[in-house]
Amino acid sequence: MSLRLRLALWYTALAGVVVGTVLLAAFLSHSATLALEIDAQLHGVAQRAATRVVAGIGPHAGVTADSLQPITDFTDAEIWVRYFDPSGHELAESANATGRPVLFGPLNEDIPGHFVDGQDGSERLRGYVQPVRRGTELDGYLTATTSLVSVDRLNDRFALLLLAIAVGGLLLTAGAGGVVAAGALRPIRTIITTAQAIALGRGFSRRLPPAPHRDELGQLTRTLNEMLNSLEAAYAAQRRFVDDAAHELRAPITVIQGNLALLQAPQALGPEEHAQVLADLAGEVQQLGHLVNALLALARADAGQQGRQVVVELDAVLTTGYRRLRALNAPVELHIGALTPLCVRGDSDQLEQLLLILGENALRYTRPGGRVELGLGEADDAAVLTVRDTGIGIPADELPYIFDRFYRGGGARTLRRDGTGLGLPIARWIAESHGAALTVESQPGQGSCFTVRFPAISCEADADLPTAPPT
Ligand code: ADP
């Protein structure tokens, strides 16, 4: 069942309950008023007639034809009266009572005047029975009776009218509800159509037409358009990334293919050239390996993969990293400066990878004889890791791009051919996934300093954080 139909049915059901209750109350109050009016008339007639009969009876005489004259003379279009002696024998009746049914309740002088209901075929009757007394003595009973035919007919007509109003009102509500729901849901239909078109054609550049009102649908439209903005940006970034990755992978593969072609004709190569080709091949394969590892790390980053969350001794990570960097035997002085024992929450392998990326860059982009210093200090509750070098530095116009994927600075490219342009993006992702900020300060020709500012935590392992095994 469509939402539009459901909404229309809900409106109608709700309106039905309200209209039904109101009309029922109107009907009940109308018929109760009529009944009260009739009772008042019957009571009034019975009272008046009884008073006149009593007035006609002498103080000692019993009821006579004269004293019953008011009964015989009584004329009314709707009400007829009768007089009965105390044992229930009829003594007199009004002219219009002829042929009309007799209606009285229990004849008991102790029961004061009371109303009675009766039935004559399908005709409902209502009457009032009034004991007539002379002093304390009972003279008889007077009944005033009327037929409820016209009242019932009036009630029936009124009920029919109310029913017609209810049905008409409900049909109108259903129709109006359908129209209102269709109008309110029109923007949703537009959203669905546009979303379908986007899904089919990957047209992330399409946008939903701005909603005319600042209501929930307007909010939904704006949110979807914002989502499309980020989807478009992410899609474009992904395409760029795939293009760049393919391009970067193609270069070493082309070199490998060329070298393999040379090796297939060994007679054309001297022993020295042969060794050189093999060395080039090994270098390209290593480069390919770096590239694939870096791409894998970024793919994990894009998938939002979280590393372990344990207490990591950052000073231990720094000394391990230092040992690994030393093993690279770069022609550069490598030192540890400040080394404050500090802990952070995170994954020790990733933290070591972050340090190695920054450290290897510092060693690679520092000319022989230069100096690289690793340090760990504390500032404002933060554990501050620094990698400082006296290398080539980064020009100010390159600084905004060095964290972009596949970006390689001009100086870096001249100095080292073997970069991937993926180190710093991975380093930034690791820093951010540890709640840390990675920043850089650099002076071309004088050196650079990369700083990672982590939220420090107590090294006492708390209950929910295991400690990292020592590396
Ligand atoms: P790669 O080092 O493979 O080129 P990175 O993403 O690690 O890629 O670095 C991006 C760029 O940032 C480098 O090409 C270089 O221009 C610059 N860079 C990074 N570290 C340093 C550094 N310590 N000194 C000078 N330039 C650096």
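Throughout this description, residue numbers start from 1 for each chain and increase along the sequence as written. Given that this is a predicted model, residues contribute local features only at a pLDDT of at least 70 and side-chain atom pairs are listed and counted only at 80 or more, while totals for whole chains, interfaces and linings are drawn from all residues. Just so you know, side-chain values use all the structure's heavy atoms and leave hydrogens and water out.

Caption draft 1: Spotlight on the overall build of the protein chain. Secondary structure assignment for the protein chain yields 9 helices and 12 strands. A globule of 471 residues ought to have a C-alpha radius of gyration of about 23 Å, yet the protein chain, at 52 Å, is considerably larger. The principal-axis extent of the C-alpha atoms belonging to the protein chain is close to 160 × 55 × 40 Å. Counting the 471 residues in the protein chain, one finds 38% classified as buried. In the protein chain, once contacts between residues fewer than 6 apart in sequence are set aside, the share between residues at least 24 apart is 63%. The numbering of helices and of strands both runs from the N terminus, where a helix is a DSSP run of H or I of at least 4 residues and a strand a run of E of at least 2. The globule rule is 2.2 Å times the number of residues to the power 0.38, and the radius of gyration it is compared with is taken over C-alpha atoms. Throughout, exposure labels follow a simple rule: accessible area from a 1.4 Å probe, protein chains only, divided by the maximum for the residue type, with under 20% read as buried, over 50% as exposed, and the rest as partly exposed. The contact criterion used throughout is that any non-hydrogen atoms of two residues lie within 4.5 Å.

Caption draft 2: Quick peek at the side chain of Ser-442. Along the chain, Ser-442 turns up in strand β11 (residues 437-443). Ser-442 gets classed as buried once you look at its relative accessible area, which sits at 15%. For the purposes of these results, a polar contact is taken to be a pair of N or O atoms within 3.5 Å, where, inside protein, one atom must be able to donate a hydrogen and its partner to accept one; residues adjacent in sequence count only when each atom of the pair is a side-chain atom. There is a polar contact of 2.9 Å between the side chain of Ser-442 and the side chain of Ser-448. For Ser-442, the residues in contact, after removing those within four places along its chain, are Gly-393, Ile-394, Gly-447 and Ser-448.

Caption draft 3: Quick look at the sheet that holds strand β5 (residues 137-147). Strands pair, by our definition, only if DSSP identifies at least two bridges between them. Read across the open sheet, the 5 strands follow the order β2-β1-β5-β4-β3; overall the sheet is antiparallel. Only two strands of the sheet have a single neighbouring strand rather than two, namely β2 (90-93) and β3 (114-120). Adjacent strand axes in the sheet meet at a mean angle of 25° when their direction is disregarded. Axes, fitted as lines to C-alpha atoms, cover a helix only where it is in contact. Angles between the N-to-C directions of the axes lie from 0 to 180 degrees. Of the strands in this sheet, β1 (79-84), β3, β4 (123-134) and β5 are in contact with helix α1 (residues 3-56), which crosses β4 at around 30°.

Caption draft 4: Looking closely at the site of the ligand. In the vicinity of the ligand there are 21 residues, among which Asn-361, Arg-364, Tyr-365, Arg-408 and Thr-420 approach most closely. The contact in question runs from an oxygen atom of the ligand to an N or O atom on the backbone of Gly-409, over 2.9 Å. Within the backbone of Thr-420, a nitrogen or oxygen atom sits 2.8 Å from an oxygen atom of the ligand. For the ligand, whose accessible area on its own is 530 Å², the fraction buried by protein is 98%. For the shell around the ligand, the secondary-structure elements that each account for two or more residues are α7 (348-364), α9 (423-433) and β12 (447-455). Its residues assigned to classes, the shell around the ligand shows 10 nonpolar, 8 polar and 3 charged. Only heavy atoms are used to decide nearness, and a residue is near a molecule or strand if one of them lies within 4 Å of it. The protein chains shown are the only cover counted for residues, whose accessible areas, like all others here, come from Shrake-Rupley with a 1.4 Å probe. Throughout this entry, Asp, Glu, Lys and Arg are counted as charged residues, while Ala, Val, Leu, Ile, Met, Phe, Trp, Tyr, Cys and Pro are counted as nonpolar. The remaining residues, Gly among them, count as polar.

Caption draft 5: Structural detail: a nonpolar patch on the surface. Residues Leu-160, Leu-163, Val-167 and Leu-171 make up a contiguous nonpolar surface patch of roughly 430 Å² in combined accessible area. If you trace the backbone, Leu-160 turns up in helix α3 (residues 149-201). Given the relative accessible area of 58%, Leu-160 is considered exposed. Surface patches are drawn from residues lacking salt bridges whose relative accessible area is over 30%; two like charges belong together within 9 Å, two nonpolar side chains (Val, Leu, Ile, Met, Phe, Trp, Tyr) within 5 Å. A side-chain nitrogen of Lys or Arg and a carboxyl oxygen of Asp or Glu constitute a salt bridge if their distance falls within 4 Å.

Caption draft 6: The pattern of salt bridges, seen in detail. Counted under the stated rule, the structure contains 12 salt bridges. Measuring nitrogen to oxygen at the nearest pair gives 2.7 Å for the salt bridge that ties Arg-126 to Asp-39. Here Arg-126 is found in strand β4, whereas its partner Asp-39 is found in helix α1, with 87 residues between them in sequence. Asp-39 gets classed as buried once you look at its relative accessible area, which sits at 14%. Arg-82 is the partner of Glu-93 in a salt bridge, and the nearest nitrogen-oxygen pair spans 2.9 Å. One end of the pair, Glu-93, is in strand β2; the other, Arg-82, is in strand β1, with 11 residues separating them in the sequence. Salt bridges linked by common partners bring Asp-39, Asp-117 and Arg-126 together as one network.

Caption draft 7: Molecular detail of the packing of aromatic side chains. Any pair of Phe, Tyr and Trp rings, taking the six-membered ring for Trp, is counted once the centres come within 6.5 Å. Such a pair is stacked with planes under 30 degrees apart, edge-to-face with planes over 60 apart, and tilted for the rest. This model, assessed by the stated rule, comprises 4 aromatic pairs. A centroid spacing of 5.8 Å and a plane angle of 40° characterise the contact between Tyr-401 and Tyr-407, whose relative ring orientation is tilted. The criterion for a charge sitting over a ring is simple: Lys NZ or Arg CZ within 6 Å of the ring centre, and within 35 degrees of the ring normal. Its guanidinium or amino end placed over the ring of Phe-241, Arg-405 lies 4.9 Å from that ring's centre, counting from NZ or CZ. Here the basic side chain of Arg-428 rests over the ring of Phe-403, its NZ or CZ set 4.0 Å away from the ring centre.

Caption draft 8: Geometry of the sheet that holds strand β7 (residues 333-339). Here we have 5 strands laid out as an open sheet, ordered β7-β9-β10-β12-β11, and mixed in their pairing. A strand with exactly one partner marks an edge of an open sheet, and here the two such strands are β7 and β11. Strand-to-strand, the axes of this sheet are offset by a mean angle of 15°, without reference to chain direction. Bridge count between β11 and β12: 7 bridges; the pairing is antiparallel. Among the inter-strand pairings, Thr-439 is bridged to a residue of β12, identified as Thr-451.

Caption draft 9: Region of the structure containing the side chain of Arg-82. Look at Arg-82 and you get buried, because its relative accessible area is 3%. Among the polar contacts made by the side chain of Arg-82, one reaches the main-chain carbonyl oxygen of Ala-97 at a distance of 2.8 Å.

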